[in-house]
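# Commentary on secondary and tertiary structure
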Amino acid sequence: DKGGWDSFMAKEITENPEAVSNTLMGRIQDGAVTLSSLDVLGENYFREIDRITVIACGTAFYSGQTAAYAIERWAGIPVTLELAHEFRYRTPFITDRTLVISLSQSGETMDTLMAVRYAREHGAKTLSICNTQGASIPRESDAVVYTHAGPEVAVASTKAFTAQITALYLFGLYLAQERSTLSSDEIADLLDEFQTIPEKMRAVLEEHDRIKELAHWMADARSVLYLGRSTGFPIALEGALKLKEIAYIHAEGFAAGELKHGPIALIEPGQPVFVIVPSPRHDDSLHPKIVSNIQEIRARGARVLAVIEGGDATVLPYVDEAFACPPTSEFFEPLLRVIPLQIFALELSTAKGLDVDQPRNLAKSVTVE
Ligand code: M6R
């Protein structure tokens, strides 16, 4: 049931706020995270591990890449990411102190399932973050944290992505509790901000028509580039994947710092570029760096559409169009910045008269290798 929407994808994008709030539900108590499904791993387990490897494919991979920044910062543990189909065909470094986390909406992706089996056979414990109760991957893992995004029907994953980041952030904060790497006040503050995200997502969703206008501005594009830094980088990759997948437009995401190492050669007059811009309030130097990246591509004729924080006037003189998201703290930004990119792909696909929910050549769950 599309609930009055033209496509499942359109409906599922509007369900992002519930995907986050339902995944948080019952897991925050008195300013701390409770994840009782992790108890099976043993009392001291999370103090003993020395590395986390995340395995996934497609959009799930990008949710892992997004959350890795926060987990490393909060829990002081190295997090490496690996595409499941690459992981299993080399000799990955795994010991009994490695936690292997698999991410899968369907829980049936064959490459991810085989990678989980490989990890278990080599002595690692496996944690599944999955949206489908009782699917093969959670059944074959040592522990599971379910995302509660509800059924996702459209081939293009949207609300499952934000639910996965939510579950990974809860896990990262749980790990910080267990390893005493953050104070209880720091954790409580982060959880307070986390709980405002569904409301802030609703504010972004209310601007759907504005994003639709911006999409039409790029309707004749043959190629669209996406740039970001830090968590904006995997968001750029995810935005590009959505556009390829449902609008059949060539799209590529880059870490903005890579521009000078090659991709800037692609910029010619009229080239549309999305830039994911972090808040200028954050205590890091990312904002001025990205502004200078924008100046570099603008000088070569790029048409820049920036996804910014509301009120960030510093960037406006340098861009052609801007879409503003509500302010939030550093690690929660990607949960807001991704939504306009999802809507943008939806609207370009619709404008081209394509089947939004069933793109050519693709299946919702990839159960073959
Ligand atoms: O069910 P899974 O999360 O394991 O699926 C992984 C990918 O196949 C999936 O995210 C795919 O990339 C989506 N169609 C992207 O929108």
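To start, this report covers the structure provided alongside it.

The rules behind the values
Residues numbered from 1 in each chain as written. Predicted model: local features only at pLDDT ≥ 70, side-chain atom pairs only at ≥ 80, totals over all residues. Heavy atoms only, no water. Helix = DSSP H or I, 4+ residues; strand = E, 2+ residues; numbered from the N terminus. Rg over C-alpha atoms; globule rule 2.2 N^0.38 Å. Buried < 20%, exposed > 50% of the residue type's maximum accessible area, 1.4 Å probe, protein only. Contact = heavy atoms within 4.5 Å. Areas by Shrake-Rupley, 256 points an atom, 1.4 Å probe, with all protein chains shown as cover. Salt bridge = Lys/Arg side-chain N within 4 Å of Asp/Glu carboxyl O. Phe/Tyr/Trp six-rings, centres within 6.5 Å; stacked < 30°, edge-to-face > 60°. Near = heavy atom within 4 Å. Polar contact = N/O pair within 3.5 Å; in protein donor to acceptor, adjacent residues only side chain to side chain. Nonpolar A, V, L, I, M, F, W, Y, C, P; charged D, E, K, R; others polar.

A separate point is the overall build of the protein chain. Regarding its fold elements, the protein chain presents 14 helices and twelve strands. Against the 2.2 N^0.38 benchmark of 21 Å for 369 residues, the protein chain shows a C-alpha radius of gyration of 20 Å, consistent with a compact globule. Along the first, second and third principal axes, the C-alpha set of the protein chain runs to 55 × 45 × 40 Å. The buried share of the protein chain, reckoned over its 369 residues, is 58%. Taking all contacts inside the protein chain whose residues are at least 6 apart in sequence as the whole, residues at least 24 apart take part in 77%. As displayed, the protein chain has an accessible area near 14600 Å², and 49% of this comes from carbon and sulfur atoms.

Moving on: the pattern of salt bridges. By the definition in use, this model includes 20 salt bridges. Of the charged contacts, one joins Arg 88 and Glu 369 as a salt bridge, the two residues approaching to 3.1 Å between their closest N and O atoms. Note that Arg 88 is positioned in the loop between helix 5 (84-87) and strand 5 (98-104) and Glu 369 in the segment after helix 14 (333-351), a separation of 281 residues in sequence. Its salt-bridge partner being Arg 281, residue Glu 309 comes within 2.8 Å of it at the nearest N-O pair. One end of the pair, Glu 309, is in strand 11 (residues 303-309); the other, Arg 281, is in the loop between strand 10 (272-276) and helix 13 (286-298), with 28 residues separating them in the sequence. Since its relative accessible area comes to 5%, Glu 309 is described here as buried. Each member of the salt-bridge network shares a partner with another, and the members are Lys 11, Glu 15 and Lys 159.

This brings us to the packing of aromatic side chains. Taken as a whole, this structure holds twelve aromatic pairs when the rule is applied. Judged by centre distance (5.8 Å) and plane angle (80°), the rings of Phe 87 and Tyr 118 are edge-to-face. Residue Phe 87 is located in helix 5, and its partner Tyr 118 is located in helix 6 (residues 110-121); the two are separated by 31 residues in the primary sequence. Across the pair, exposure class does not vary: Phe 87 and Tyr 118 are buried alike.

With that out of the way, let us pick up the site of the ligand. Lining the immediate environment of the ligand, one finds 14 residues, of which Ser 104, Gln 105, Ser 106, Thr 109 and Glu 245 sit closest. One of the backbone N or O atoms of Val 155 is found 2.9 Å from a nitrogen atom in the ligand. In this structure, Ser 157 approaches the ligand through a main-chain N or O atom, which is 2.9 Å from an oxygen atom. Relative to its unbound accessible area of 420 Å², the ligand is 90% covered by the protein chains. Secondary structure elements with two or more residues in the shell around the ligand: helix 4 (58-75) and helix 12 (232-247). When the residues that make up the shell around the ligand are grouped by side-chain class, the tally is five nonpolar, seven polar and two charged.

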